[in-house]
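Structural characterization, general
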Amino acid sequence: MANRHGDFVWYELITPDPDAAQAFYAPLLGWTVRDAGMPGMDYRLAATAESDVAGLMRTPPGAPIPPAWLGYVGVDDVDAMVAAFRADGGTVHMPPDEIPGVGRFAFVADPQGASLYVMKPTPPAGRPDAESLSFSYDRPRPGHCAWNELATRDPEAALQFYGRHFGWVHGGEMDMGALGAYRFLRHAGRAPEGSPPMQGILGAVMRCPPEMPRPAWTFYFRVPDIDAAVAHVGAHGGTVTVPPMEIPGGEFSMNAVDPQGAPFGLVGARRARSA
């Protein structure tokens, strides 16, 4: 694949009710959802007109897994990365495994307990340089992930850990008052020296707010109208937990929980005010 080591390459919703999740997210994010055709498994692929973006997966029977969005980070060698995570204080929830035609992956957590997948995707037949656009690095794409945010108890330790393993570096920061600095995460491989300030920015790391029970990643998907998104969430069984707030560049971000309880974020313009 054309993605680089340390790129976010996929997102996955674990949910007890994929039908309800599909009905909620498809109109919110402009997704078309189809069955992935995986025997014995309810796994669905959510796509925009441009590319696949995410998977919707039914919670395995009997698994004590709360509804959640999880991110996949592309790596050059899954087995080596699992060993490196373990040696550096991380946890391996699921050892390396392979899905034919999809790729090799493992489910891990950083030393503070924030979980994510590491993956080496298998390129589609005849497309060795195919690139995942699930996270839109180069330009805004509605329906794609626009921001990856880590809330953790020790932001400095998290920056050092992910820098060692994924090549991420500190890319500037904003003051968040009592919560300290909101530190931007920059992918060094996508931001050569002298590049524009926001090139290679993939998200941020912040200190866990008091109400957050454990360190975790939150993923923000792009919508064309943040106020229409607020209305959709409220009208379809979701809950807005942080209403839209203006962010640098003039857009707005918000946080919500879907009807099954999975937290997520949205980013978009405020069309009503720009008209």
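Refer to the structure above for everything that follows.
Not measured: the values here are computed from a predicted model. (Residues numbered from 1 in each chain as written. Predicted model: local features only at pLDDT ≥ 70, side-chain atom pairs only at ≥ 80, totals over all residues. Heavy atoms only, no water.)

**Quick word on the packing of helix H1 (residues 18-29) against helix H4 (residues 226-235)**
Running from amino to carboxyl end, H1 crosses H4 at an angle of 165 degrees, the nearest separation of the two axes being 10 Å. By the angle between their directions, the pair H1 and H4 is classed as roughly antiparallel. At the point where H1 passes H4, the crossing takes the right-handed sense. From H1, Phe24, Pro27 and Leu28 reach across to H4, where they touch Ala229, His232 and Val233. Each residue belonging to the contact of H1 with H4 can be placed in one class, and the counts come to five nonpolar, one polar and no charged. (Axes fitted to C-alpha atoms, helices over the stretch in contact; angles between N-to-C directions. Helix = DSSP H or I, 4+ residues; strand = E, 2+ residues; numbered from the N terminus. Parallel < 35°, antiparallel > 145°, perpendicular 65-115°, else oblique. Left-handed = near helix turned anticlockwise from the far one by under 90°. Contact = heavy atoms within 4.5 Å. Nonpolar A, V, L, I, M, F, W, Y, C, P; charged D, E, K, R; others polar.)

**With respect to the sheet that holds strand S8 (residues 115-121)**
Here eight strands make up an open sheet; going across it, the order is S2-S3-S4-S1-S5-S8-S7-S6 and the pairing mixed. Edge strands, defined here as strands with exactly one partner in the open sheet, are strand S2 (32-35) and strand S6 (91-99). Strand-to-strand twist across the sheet, computed as the mean angle between neighbouring axes with direction ignored, equals 25 degrees. In terms of strand pairing, S2 meets strand S3 (residues 43-47) through four bridges, oriented antiparallel. Bridge pairing in S3 places Asp35 opposite Arg44. Most of the contacts of H1 go to strand S1 (residues 8-15), to which it runs at about 125 degrees, and overall it touches S1, S2, S3, strand S4 (52-58) and strand S5 (68-74). Each of S6, strand S7 (103-109) and S8 is contacted by helix H2 (residues 78-87), which is oriented at about 10 degrees to S7, the strand it contacts most. (Pairing = 2+ DSSP bridges.)

By themselves these figures say nothing about function.
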